[in-house]
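Here are the chains, one letter per residue:
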Amino acid sequence: MQVDPRSTRFSAVITTVVLALVLLTGNAWLLLAQGVVFALGVAGASPYGLIFRRLVRPRLGPPAELEDSTPPRFAQGVGLVFALAGLIGFAAQITVLALVATAAALLAAFLNAAFGFCLGCEMYLIIRRLMPAATR
Amino acid sequence: MSQAMTGLLVLCATLAAGLIVGLTMRRRGGAVRAVRSDMDVVAAGDLGAELGERATLVQFSTAFCQPCRATRRVLSEVSGMVPGVRHVEIDAESRLDLVRRFDVMRTPTVLVLDHQGRVVKRASGQPRRADVIAALGLAASQEPDAT
């Protein structure tokens, strides 16, 4: 599956804003909503991507080139793991866990939004190296 | 300290860390670096592909790698342009032995081998075309008896 790279970038900007609001307000529901967005993103049906297609892309015109959607979808999965950890932190009132996990997801989203750098993707090989048993 | 205040501090710290990481990656990512001369030699059997007559560009990639495609484009273009140079792409996941041996932490990582398979240069991140060509100049200039 192919994806417009500008859509990935646009989604990262919204994600950055939402996660920043989670930190500022301490609102766990907002983090839950972002977690749902991450889950839909893994499935290749990101609501932010939909907003991009409906509202932004018609104003920008067609993309110069498309990208493989596997890396950004994997990164949404990494975001989902952090969001779940943050939600556990909020639910169990472990404030440190809630803040650190949300901050980690925010860092990844910000790097993608500001620099087009996919932190989740970069983590992939390092994680794979730590799992020798899974060698194919 | 109030919750909002803590949140604000964490937010600022995270964005500052992101700026530092992002700017560092942008500046250093893809830089073609010299490698210690005692680095071991790669044989064609290790790669599962023939070495180039003059030099070989070994690219480590994964499926979850955004800049790998652009890197592939640069390296195949360069290897098509410079005679005796081969571009070999390796799926990092299926060759974790090589990943560990060459301490590959990121994809793409590019190793520049001379005609004997000695690693002379490496780059992690997407290398610039001009840097690859310059590194090839060095790799190809290594004489067979220079060891």
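Structure: see above.
Residue positions are given per chain, counted from 1 along the sequence in the order it is written. Each chain takes a letter, starting from A, and each ligand takes a number, starting from 1, following the order in which they are written. pLDDT decides what is reported in this predicted model: residues at 70 or higher carry local features, side-chain atom pairs at 80 or more are listed and counted, and totals for whole chains, interfaces and linings draw on all residues regardless. To get the side-chain values, all heavy atoms of the structure are used, and hydrogens and water are removed first.

(A) Representation of the sheet that holds strand β3 (residues 85-91) of chain B within the structure. All names here are of chain B. Sheet architecture is open: five strands sit in the order β1-β5-β4-β2-β3, paired in mixed fashion. Edge positions in the sheet fall to β1 (32-34) and β3, since each of these pairs with one other strand and no more. Strand-to-strand, the axes of this sheet are offset by a mean angle of 25°, without reference to chain direction. Should DSSP find at least two bridges between two strands, the strands are taken to pair. Helix and strand assignments come from DSSP, with helices taken as H or I runs of at least 4 residues and strands as E runs of at least 2, each series counted from the N terminus. Fitted lines through C-alpha atoms serve as axes, helices being fitted only where they are in contact, and the angles separating the N-to-C directions of these axes extend from 0 to 180 degrees.

(B) Spotlight on the side chain of Asp114(B). All names here are of chain B. Its place among the elements puts Asp-114 in strand β4 (residues 109-114). By relative accessible area, Asp-114 is classed as buried at 0%. Polar contact criterion, stated in full: a pair of N or O atoms within 3.5 Å, where within protein one must be able to donate a hydrogen and the other to accept it, and residues adjacent in sequence count only if both atoms are side-chain atoms. Within polar-contact distance, the side chain of Asp-114 engages the backbone nitrogen of Gln-116 at 3.0 Å. A distance of 2.8 Å separates polar atoms of two side chains, one belonging to Asp-114 and the other to Arg-118. Here the term buried applies to any residue with accessible area under 20% of the maximum for its type, exposed to any over 50%, and partly exposed to those in between, with areas from a 1.4 Å probe on protein chains only.

(C) Spatial organisation of the pairing of β3(B). Residues and elements named next belong to chain B. In terms of strand pairing, strand β2 (residues 55-61) meets β3 through seven bridges, oriented parallel. Within β3, the position partnered with Leu-57 by the bridge is His-87. In this fold, the crossover linking β2 to β3 by way of helix α3 (residues 68-81) has right-handed handedness. Whether a crossover is right-handed depends on one test, that the path from the first strand over the helix to the second runs clockwise when the strands point away from the viewer.

(D) Here's a closer look at helix α6 (residues 119-129) of chain A. Of the residues making up α6(A), those classed as buried are Gly120(A), Cys121(A), Glu122(A), Tyr124(A), Leu125(A), Arg128(A) and Arg129(A). Contacts are residue-level and defined by heavy atoms, with any inter-residue pair within 4.5 Å sufficient. For α6(A), the elements touching its buried residues are α4 (70-91) of chain A together with α4 (96-101) of chain B.

(E) Structural context of empty space enclosed by the protein. Residues and elements named next belong to chain B. Only protein atoms enter the 1 Å grid used here. Points where a 1.4 Å probe fits but cannot escape make up a cavity, open sets with protein on both sides within 12 Å along at least five of seven lines make up a pocket, and a residue lines them when an atom lies within 4 Å of a point. Grid points are joined across faces, edges and corners, and a volume is the space filled by probe spheres set on the points. Following the criterion strictly, the structure yields one cavity of 30 Å³ or more and no others. Approximately 40 Å³ is the volume attributed to the largest cavity. Lining the largest cavity we find Val-32, Leu-57, Val-110, Val-112, Arg-122, Ala-123, Pro-127 and Val-132. Of all elements in the fold, only β4 and β5 (119-124) reach the threshold of two or more residues within the lining of the largest cavity. Here the lining of the largest cavity is composed, by residue class, of seven nonpolar, no polar and one charged. Charged residues are taken to be Asp, Glu, Lys and Arg, nonpolar residues to be Ala, Val, Leu, Ile, Met, Phe, Trp, Tyr, Cys and Pro, and polar residues to be all remaining types, Gly included.

(F) Highlighting the state of the cysteines. Residue and element names in this part refer to chain A. In what follows, a disulfide is any cysteine sulfur pair within 2.5 Å. Inspection of every chain in the model, using the stated rule, returns two disulfides over all chains. One disulfide bridge connects Cys-118 with Cys-121, the sulfur atoms lying 2.1 Å from each other. Torsion about the S-S bond of the Cys-118 and Cys-121 cystine: about 65°, corresponding to right-handed handedness. Each member of the pair, Cys-118 as well as Cys-121, carries the same accessibility label: buried.

(G) Geometry of the nonpolar core. Residues and elements named next belong to chain B. Nonpolar cores were defined as sets of buried Ala, Val, Leu, Ile, Met, Phe, Trp, Tyr and Cys residues, with membership established by side-chain atoms within 4.5 Å. One finds Phe-60 and Phe-102 to be the most contacted residues of the largest nonpolar core, which totals 18 residues. Of all the elements in the fold, those that place two or more residues in this core are β2, β3, α4 and β4. It is α4 that provides the largest number of residues to this core, a total of three residues. Ala-55, Val-74, Val-110 and Val-120 belong to the second-largest nonpolar core, a separate cluster that totals 14 residues.

(H) Representation of the environment of Val13(A) within the structure. All names here are of chain A. Structurally, the position occupied by Val-13 is in helix α1 (residues 5-25). Relative accessible area serves as the criterion here: at 41%, Val-13 is assigned to the partly exposed category. A sequence separation of 23 residues divides Val-13 from Val-36, and the C-alpha atoms of the two residues are 17 Å apart.

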